[in-house]
Every structure is written in C-alpha cells, then in structure tokens.
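These are the residues of each chain, in order.
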Amino acid sequence: SKFDGTLLLQGGGNKQQPVLVGAYEGITPSDELPIIDGKGYLAAVQITNGKYFKIQDLELTADAGTVQDSLALAKRYGVYIHANEQGDYPGIHLKNLFIHHIFSTLNPPGDGQNPTSNRGIGISFQMEEKGAKIRDVTIESCRIEMTGHTGIRISGARKYKDWDFLEGVTIINNRLKHIGGPGMVP
C-alpha cells in the first residue's frame, strides 16, 4: 500500500509493550514495503514527545512537492523525532526502513562550503528544550539514499552554555548512499 501525507505520532507505549508501526507481520525480504510519501510535509513519520515506539519495515520518502506544512518549505525529514517539552522520552527503535528522496522545497542559505543547502535529512533526533530528554535510541538495518543534506542527525538541546545530550544511542548495520552532505552528524 502507499499512503500520502505524514504520520504524526505522540504518546507511546512502555518498555514491555512499545507501540509498533510497520508492515504486517510475515513480511519477507522480497516483499515490497508499505510506502509513506510525505511529499509537501515536514516528515513522512514524525514523533513528538514520544516514548517506546518501534517503527519498522516501511519505505519512506518526502521529495519536495507542493508545501502542505509551512515548516516543510526549508526542511524535510524521512523520520523526525523531536522533544519540545521537558520530560523523559526513551525507547525509540527504527528498524529496516528504506528512506529515500528526502528534499526540501527550497534551498535556504547554509553554512559550510556551499552558500545554499537543501535541508533534506533521512533521520533526525532533536531535543529542542533543555530537560526534554531523548534516550535509548536504536537505528538498525536502515537504508538511506538520496537526501538533500544529511543521512542521520542527532542533536542535543542547548540552553546558554549547558547541553543536554541523547543517551544510549545505538546505530548498527545501516547503509547510506548518495547523501547530499554528511552521512551522519552525532
């Protein structure tokens, strides 16, 4: 199946029973994965202040398109996990995702060697508020191809000179190809 739009998730499960989002059980490597096409939206999959989610066995794309969300004009994500409220947000597990063609609509001014940069990012974890703690994250067996900027980006929260960092990050057995900037920014 193919689904157009964005999958917005909040809340979540617990350590013994995480919320599972993915293909029906029994999928084999030769099967086609269900597709979420986030064209025009900020992300194909977005988790806000969530805990204990397992996202697996999906194909995700978000290639520009007519903007449906004003934030999507200059940024785009395959998977965007962020915490913008103080609290503890553990247990996000991403497994066997095929993330590709992640491009924002505009190329805003950027840093680095290029004066402009497309802010398409495959997977992004971002703590936006000091005290909003994302931890125990696993990114496993994912394929990320054709992004405007970064494959995997993990950002802590900064308030003045103090930083909060993600804890317990495991990144294992992933493949990145044709990434427009850095493969990974921890």
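Residues numbered from 1 in each chain as written. Predicted model: local features only at pLDDT ≥ 70, side-chain atom pairs only at ≥ 80, totals over all residues. Heavy atoms only, no water.

1. Side note on the overall build of the chain
No. 1: From N to C terminus, the chain includes 0 helices and 17 strands.
No. 2: Contacts in the chain between residues far apart in sequence, at least 24 positions, make up 81% of those at least 6 positions apart.
No. 3: Taken as a whole, the chain presents about 9,800 Å² of accessible surface, with 48% of it coming from carbon and sulfur. (Helix = DSSP H or I, 4+ residues; strand = E, 2+ residues; numbered from the N terminus. Contact = heavy atoms within 4.5 Å. Areas by Shrake-Rupley, 256 points an atom, 1.4 Å probe, with all protein chains shown as cover.)

2. A short note on the environment of Y41
No. 1: By the secondary structure assignment, Y41 is in the loop between β4 (35-37) and β5 (43-51).
No. 2: A relative accessible area of 27% places Y41 in the partly exposed class.
No. 3: Not counting the four nearest positions on each side in its chain, Y41 is found in contact with G5, T6, Q68, D69, A72 and R76. (Buried < 20%, exposed > 50% of the residue type's maximum accessible area, 1.4 Å probe, protein only.)

3. A few points about the pattern of salt bridges
Side chains bearing opposite charge may pair, as long as their charged atoms lie close to each other.
No. 1: Under the criterion given, the structure shown has 5 salt bridges.
No. 2: For K2, the salt bridge is made with D37, and the minimal N-O distance between the two is 3.5 Å. Residue K2 is found in strand β1 (residues 2-4), and its partner D37 is found in strand β4; the two are separated by 35 residues along the sequence.
No. 3: The exposure class assigned to D37 is buried, which follows from its relative accessible area of 10%.
No. 4: One salt bridge in this structure joins E167 and K133, with 3.4 Å as the shortest N-O distance. Taken together, the residues E167 in strand β15 (residues 167-172) and K133 in strand β10 (residues 132-140) connect sequence positions 34 residues apart.
No. 5: Among the residues examined, E167 registers a relative accessible area of 42% and is labelled partly exposed.
No. 6: Among the charged side chains, a network of salt bridges with common partners joins K2, D4 and D37. (Salt bridge = Lys/Arg side-chain N within 4 Å of Asp/Glu carboxyl O.)

4. A short note on the sheet that holds strand β12 (residues 150-155)
No. 1: Strands sit in the order β2-β5-β7-β9-β12-β17 across an open sheet of 6 strands; the sheet is parallel. The sheet is open, and its two edges are formed by β2 (7-12) and β17 (184-185), each paired on a single side.
No. 2: Sheet topology places β2 next to β5; 6 bridges connect them, and they run parallel. Bridged to Q10 within β5 is T48. (Pairing = 2+ DSSP bridges.)

5. Digging into the packing of aromatic side chains
No. 1: Tallied over the full model, the rule gives 1 aromatic pair.
No. 2: Note on Y77 and Y80: the rings are 4.2 Å apart at their centroids and 10 degrees apart in plane angle, and the pair reads as stacked.
No. 3: With relative accessibility at 4%, the residue Y77 sits in the buried group.
No. 4: For R143, the ring lying beneath its charged end belongs to F98, and the centroid distance is 3.7 Å. (Phe/Tyr/Trp six-rings, centres within 6.5 Å; stacked < 30°, edge-to-face > 60°. Lys NZ or Arg CZ within 6 Å of the ring centre and 35° of its normal.)

6. Quick look at the nonpolar core
No. 1: The biggest cluster of nonpolar side chains holds 34 residues, and the ones touching the most others in it are L94 and F125.
No. 2: Residue assignment for this core shows that the elements contributing at least two residues are β5, β6 (53-63), β7 (76-83), β8 (87-103), β9 (120-127), β10 and β12.
No. 3: The residues contacting L94, other than those within four sequence positions of it, are I55, V79, I81, I123, F125, T138, I139, E140 and C142.
No. 4: With 5 residues, the next largest nonpolar core counts L42, A43, Y77 and I121 among its residues. (Core = buried A, V, L, I, M, F, W, Y, C linked by side-chain atoms within 4.5 Å.)

7. With respect to the environment of F125
No. 1: Along the chain, the position of F125 falls in strand β9.
No. 2: Given a relative accessible area of 0%, F125 falls into the buried group.
No. 3: Not counting chain neighbours up to four residues away, the residues in contact with F125 comprise I81, I92, L94, I134, V137, I139, R153, I154, S155 and L166.

8. Things to note about the confidence of the model for the chain
No. 1: Taken as a whole, the chain shows an average pLDDT of 89; of its residues, 89% reach a score of 70 or greater.
No. 2: Looking over the chain, one finds the lowest element-wise mean pLDDT in strand β13 (residues 157-159), namely 66, and the highest in β5, namely 97. (pLDDT = per-residue confidence, 0-100.)

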